[in-house]
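Examining the three-dimensional arrangement
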Amino acid sequence: MPSQTLTVEVDRLAAGSARVRLAGELDFDTAPELVEAVAELRRDGHQELELDFAGVDLCDSSGLSALVVIHRAGTGAIRLFNLNPQIRHLLDRTGLAELLAAPPRDLTGGVREVG
């Protein structure tokens, strides 16, 4: 079975922050790509991160581990956005949603931003 790819696109925002848009599968084969992209952002002084999961189809335990590595290696907030229901459930069940500042669901089942 061929390995899926992960596309990582970076937008450097205001001083010290960046948005990382992901598409594909965040798994054993691709998680190191995300960790390296974030490490490069942090070396450039971007500590506040927004990770946009709109294009992520799958996130396995290696993907979760990458998120923990990213969280532990930085000093700024990490916010996860546009999580599909399966990834949201995985983060909720593992307790990582709270740790990684994933925006909570609103009463309609959507995601609302937190301030």
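Heads up: the structure comes first, above all this text.
Presented here is an overview of the structure given in this document. (Residues numbered from 1 in each chain as written. Predicted model: local features only at pLDDT ≥ 70, side-chain atom pairs only at ≥ 80, totals over all residues. Heavy atoms only, no water.)

Pairing is mixed across the open sheet formed by four strands, whose spatial order is E1-E2-E3-E4. The sheet is open, and its two borders are formed by strand E1 (6–12) and strand E4 (78–81), each paired with just one other strand. Across this sheet, the average inter-strand angle for adjacent strands is 20 degrees, counted without regard to direction. Sheet topology note: the strand E3 (residues 48–59)/E4 ladder contains four bridges and is parallel. Looking at E4, one finds that Leu51 is bridged to Leu80. Sheet strands in contact with helix H3 (residues 85–94) are E3 and E4, and its direction is about 115 degrees off that of E3. (Pairing = 2+ DSSP bridges. Helix = DSSP H or I, 4+ residues; strand = E, 2+ residues; numbered from the N terminus. Axes fitted to C-alpha atoms, helices over the stretch in contact; angles between N-to-C directions. Contact = heavy atoms within 4.5 Å.)

Glancing now at the packing of helix H1 (residues 31–43) against helix H2 (residues 61–73). Contact geometry of H1 with H2 gives a least axis separation of 9 Å together with a crossing angle of 15 degrees. When the axes of H1 and H2 are compared, the pair comes out roughly parallel. Relative to H2, H1 is oriented so that their crossing is right-handed. Facing Ala31, Leu34, Val35, Val38 and Arg42 of H1, the residues of H2 in contact are Ser62, Gly63, Ala66, Leu67, Val69, Ile70 and Ala73. (Parallel < 35°, antiparallel > 145°, perpendicular 65-115°, else oblique. Left-handed = near helix turned anticlockwise from the far one by under 90°.)

What follows is about H1. In this model H1 runs 19 Å from its N-terminal to its C-terminal C-alpha over 13 residues, within 8% of the 18 Å that 1.5 Å per residue would give. Restricting attention to buried positions, one finds in H1 the residues Ala31, Leu34, Ala37, Val38, Leu41 and Arg42. Viewed along the axis of H1, the buried residues span an arc of 140 degrees, placing them on a single side of the element. Projecting away from the buried face of H1 at angles above 90 degrees are the exposed residues Pro32 and Arg43. Positive backbone phi, at 95 degrees, marks Gly45, one or two positions downstream of H1. (Expected span 1.5 Å × (residues − 1). Buried < 20%, exposed > 50% of the residue type's maximum accessible area, 1.4 Å probe, protein only. Arc of directions from axis to C-beta.)

Bringing the nonpolar core into the picture now. Leu26, Leu34, Phe53, Leu67, Leu80 and Leu91 are the most contacted members of the largest nonpolar core, which totals 27 residues. Broken down by secondary-structure element, the contributors of at least two residues to this core are strand E2 (17–26), H1, E3, H2, E4, H3 and helix H4 (96–99). In this structure Leu34 touches Leu6, Val20, Leu22, Leu26, Leu67 and Ile70, once residues within four positions along its chain are discounted. (Core = buried A, V, L, I, M, F, W, Y, C linked by side-chain atoms within 4.5 Å.)

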